[in-house]
Amino acid sequence: MTNEQLSAYLSARFPDVEIKQGVQYLEITVPAVNLHDVARHLKDTAELAFDYLVCLSGVDYPEYISVVYHLESTKHSHFLVMKVKTKDRQDSSIDTVCDVWPTAEFHEREVYDLLGVKFNNHPDLRRLFLDENWGFPLRKDYVDEVHIVAR
Amino acid sequence: MGISTKKEFETNDFPILDQYEGGSIILTQLDALVNWARANSVWPLTFGTRCCAIEFMAVGASRHDMARFGYEVARATPRQADMIIISGSINYKMAPVLKRLYDQIADPKYVIAMGACAVSGGPFFYNSYSIVKGADHVIPVDIYVPGCPPRPEALLFAFLQLQKKIKREKNFKKNLVK
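Not measured: the values here are computed from a predicted model.

Trainee: Could you clarify how one ought to interpret the overall build of chain A in this entry?
Mentor: Scanning chain A for helices and strands turns up three helices and seven strands. Listing each helix as α and each strand as β along chain A from the N terminus yields α-β-β-α-β-β-β-β-α-β. Since a compact globule built from 151 residues should have a radius of gyration of about 15 Å, the 16 Å found for chain A is in line with a globular shape. For chain A, the C-alpha atoms occupy an extent of roughly 55 × 30 × 25 Å along the three principal directions. Here the contacts in chain A between residues at least 6 apart in sequence split such that 44% fall between residues at least 24 apart.

Trainee: Explain the overall build of chain B here, please?
Mentor: A tally of helices and strands in chain B yields five helices and three strands. Secondary structure elements in chain B, listed N-terminal to C-terminal, are α-α-β-α-β-α-β-α. Counting across all 178 residues of chain B, residues that qualify as buried make up 27%. A fraction of 73% describes how many contacts in chain B between residues 6 or more apart in sequence connect residues 24 or more apart.

Trainee: Please explain the confidence of the model for chain B as it appears in this structure.
Mentor: Do not read the predicted coordinates in detail wherever pLDDT is low. The predicted model of chain B has a mean per-residue pLDDT of 87, with 86% of residues at 70 or higher. Scoring of the predicted complex yields 0.80 for pTM and 0.74 for ipTM.

Trainee: For this particular structure, what's the right way to read the environment of Val145 of chain B?
Mentor: Tracing the backbone shows Val145 of chain B in strand 3 (residues 143-145). Leaving out residues up to four positions away in the same chain, Val145 of chain B has contacts with Ile112, Ala113, Met114, Gly115, Pro150, Ala154, Leu155 and Ala158 of chain B.

Trainee: What am I meant to see in the packing of helix 1 (residues 23-39) of chain B against helix 5 (residues 152-167) of chain B here?
Mentor: Between two packed helices, what matters for the description is the angle formed by their axes and the separation of those axes. Residues and elements named next belong to chain B. One way to put it is that helix 1 packs onto helix 5 with a least axis distance of 9 Å and a crossing angle of 160 degrees. On the basis of the axis angle, helix 1 is roughly antiparallel to helix 5. Seen from above, helix 1 lies across helix 5 with right-handed handedness. Contacts from Asn35, Arg38 and Ala39 in helix 1 reach Gln163, Ile166 and Lys167 in helix 5. The class makeup of the residues in the contact of helix 1 with helix 5 is two nonpolar, two polar and two charged.

Trainee: How should I be thinking about the sheet that holds strand 2 (residues 26-30) of chain A in this particular structure?
Mentor: Consider a sheet: its strands pair through backbone hydrogen bonds, and that pairing is either parallel or antiparallel. Residues and elements named next belong to chain A. If you walk across this open sheet you meet the five strands as 1-2-5-4-3, and the pairing is mixed. Unpaired on one side and paired on the other, strand 1 (18-21) and strand 3 (52-60) mark the two borders of the sheet. Between one strand and the next, the sheet's axes are offset by a mean angle of 20 degrees, whatever the strand orientation. Summarising the sheet, strand 3 and strand 4 (residues 65-72) pair through eight bridges and their orientation is antiparallel. Among the inter-strand pairings, Leu53 is bridged to a residue of strand 4, identified as Leu71. Sheet contacts for helix 3 (residues 104-115): strand 3 and strand 4; angle to strand 3, the most-contacted strand, approximately 10 degrees.

Trainee: Even after reading the chapter, I still don't get the interface of chain B and chain A, so can you show me in this structure?
Mentor: Each partner contributes residues to the interface: chain B has seven residues there, and chain A has seven residues. Split into classes, the residues belonging to the side of chain B that touches chain A amount to four nonpolar, two polar and one charged.

Trainee: How do you make sense of the nonpolar core when you look at a structure like this?
Mentor: Soluble, globular proteins show a tendency: their nonpolar side chains are buried together. If you look at the biggest cluster of nonpolar residues, it comprises 35 residues, and the most contacted ones within it are Ile84, Ile86, Ile112, Ala113 and Met114 of chain B. Look past the residues within four positions of Ile84 of chain B in its chain and what remains in contact with it is Pro44, Leu45, Phe47, Leu101, Tyr102, Ile105 and Val111 of chain B. The next biggest cluster of nonpolar side chains, apart from the first, holds 33 residues, and it includes Ile28, Leu35, Ile94 and Val100 of chain A.

Trainee: Would you mind going over helix 2 (residues 35-44) of chain A with me for this structure?
Mentor: Because each turn of an α-helix spans 3.6 residues, side chains separated by three or four positions in sequence point in the same direction. All names here are of chain A. Of all the residues in helix 2, the buried ones are Leu35, Val38, Ala39 and Leu42. Along the axis of helix 2, the buried residues cluster in a sector spanning 100 degrees; they form a single face. Within helix 2, the exposed residues directed more than 90 degrees away from the buried face are Asp37 and Asp44. Looking at the buried side of helix 2, the elements it contacts are strand 2, strand 4, strand 5 (79-85) and strand 6 (93-95).

Trainee: How should I be thinking about the sheet that holds strand 2 (residues 110-114) of chain B in this particular structure?
Mentor: Residue and element names in this part refer to chain B. If you trace the three strands from one edge of the open sheet to the other, you get 1-2-3, paired in parallel fashion. One side of each edge strand has no neighbouring strand; the edge strands of this open sheet are strand 1 (83-87) and strand 3. For this sheet, the mean inter-axis angle between neighbouring strands, taken without regard to orientation, is 15 degrees. Sheet topology note: the strand 2/strand 3 ladder contains three bridges and is parallel. Its bridge partner lying in strand 3, Ile112 is registered against Ile143. Lying over the sheet, helix 2 (residues 52-60) contacts strand 1 and strand 2, oriented at roughly 130 degrees with respect to strand 1.

So, how was this worked out
Residues numbered from 1 in each chain as written. Chains lettered and ligands numbered in written order. Predicted model: local features only at pLDDT ≥ 70, side-chain atom pairs only at ≥ 80, totals over all residues. Helix = DSSP H or I, 4+ residues; strand = E, 2+ residues; numbered from the N terminus. Rg over C-alpha atoms; globule rule 2.2 N^0.38 Å. Contact = placed C-beta atoms within 7 Å. Buried ≥ 20, exposed ≤ 12 C-beta atoms within 10 Å, placed from the backbone. pLDDT = per-residue confidence, 0-100. Axes fitted to C-alpha atoms, helices over the stretch in contact; angles between N-to-C directions. Parallel < 35°, antiparallel > 145°, perpendicular 65-115°, else oblique. Left-handed = near helix turned anticlockwise from the far one by under 90°. Nonpolar A, V, L, I, M, F, W, Y, C, P; charged D, E, K, R; others polar. Pairing = 2+ DSSP bridges. Core = buried A, V, L, I, M, F, W, Y, C linked by C-beta atoms within 7 Å. Arc of directions from axis to C-beta.

Spelled out as structure tokens, the structure:
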């Protein structure tokens, strides 16, 4: 599908989803409650078939934390960017997509490790790189008097 | 060789050979022999933490060829190595491992800090929560090689400097000024 066809399909199927044409890819912003349903639909529907989660990343905004999913279909060669916003920075929890794309397991552990996003129903949400008592260093308000030489 | 009557040295400070006439000449020659052997067979540890390790590999390859200076036998265990090249940044999780590797190398042991990260933290000096600000916070460093990464020639120069340092060592006259 082209980006226009994808946009038309998704706006008809998911009225809650915001759709915006980015520089290169179509970007959709999904409400956190619908995330798992949308992800499952994107993966399992034959004409979409987003079977490849290219990248899962977290972004720290002043009001909330966003998780961004870059999706590709190896069958149809189309691409989609899906964004989810957490409720706020303190209560940052969204559903996992591990059961849809198994590669998300380690990506979500990394996002949890560095940004502190809790992924509900994740099978093994432990720290990936850092020690248990470490903070979430990629948050903008992270302070570490000992290790960081601030400038 | 008869027993020397010279009393300008404290007898206990030196090995027994030094008490005889001509003994110090033998010791000097022994030093030169041992240092020649050590300086031309410095075996580095196979240790690379970041992109400087790629440059280290280039130095080992045929174009630059560190085998010309006796450095070619990179050992995969610290127990067989004489020298560690810190090629890349050391983060706080890696620092205890580096210390343990250094402790496992048998004396005499030498350290080359290769590249800006190992010298001072380099580009990660400011606002980094994870990078040690210079590997000399963890283990003592003999030679610092600046660069990001250093050219292979710079590392070869460091090898030559380390050889000069090794050749100056006094192994048998412990109390002489080095």
